[in-house]
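# Descriptive analysis of the structure
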Amino acid sequence: MAKQCETCGNTYDRTFDVILDGKPHTFDSFECAISRLAPRCAHCEVPIIGHGVQAGERIFCCNHCAEATGVQVLRDRA
């Protein structure tokens, strides 16, 4: 049965659902799922699709962005 992607609106018979915080989301591609659900860097707002780095409740795509906001305790590498 065809369902509609919540990001792009495409109706497709091979959509998939992702459950996040108990709420279902329907997508037709990983690109749309990432666009809608990936956390955004607290500095540059790029979608974070890897591990990122975190300081408190803020998540950053890299240490450079964390440092740009004043966070000095994080490192990408030891």
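Our structure is the block above this text.
Attention here is on the structure that accompanies the text. (Residues numbered from 1 in each chain as written. Predicted model: local features only at pLDDT ≥ 70, side-chain atom pairs only at ≥ 80, totals over all residues. Heavy atoms only, no water.)

To continue, consider the state of the cysteines. Following the criterion strictly, the structure yields zero disulfides and no others. Left without a disulfide partner, Cys 8 is nearest to the cysteine sulfur of Cys 5, which lies 3.8 Å away. No disulfide involves Cys 61; its sulfur sits 3.7 Å from that of Cys 65, the nearest cysteine. (Disulfide = S-S within 2.5 Å.)

Even without glycine at this site, Asp 21 takes up a positive phi of about 55°. Mapped onto the secondary structure, Asp 21 falls in the loop between β3 (16-20) and β4 (23-27). Relative accessible area serves as the criterion here: at 78%, Asp 21 is assigned to the exposed category. Of note in the backbone geometry, Glu 45 takes a positive phi value of approximately 70° without being a glycine. Position of Glu 45 relative to the elements: it lies in the loop between α1 (30-37) and β5 (53-55). (Helix = DSSP H or I, 4+ residues; strand = E, 2+ residues; numbered from the N terminus. Buried < 20%, exposed > 50% of the residue type's maximum accessible area, 1.4 Å probe, protein only.)

Bringing the pairing of β3 into the picture now. By the bridge criterion, five bridges tie β3 to β4 in an arrangement that is antiparallel. Paired with Ile 19 across the strands is Pro 24, a residue of β4. (Pairing = 2+ DSSP bridges.)

According to the stated counting rule, one finds two salt bridges in the structure shown. One salt bridge in this structure joins Asp 17 and Lys 3, with 2.9 Å as the shortest N-O distance. With a gap of 14 residues between them, Asp 17 in strand β3 and Lys 3 in strand β1 (residues 3-4) connect regions that are remote in the sequence. Overall, the relative accessible area of 31% leaves Lys 3 in the partly exposed class. For Arg 36, the salt bridge goes to Glu 6, with nearest N and O atoms at 3.4 Å. Of the two residues, Arg 36 is situated in helix α1 and Glu 6 in the loop between β1 and β2 (11-12); the sequence distance between them amounts to 30 residues. (Salt bridge = Lys/Arg side-chain N within 4 Å of Asp/Glu carboxyl O.)

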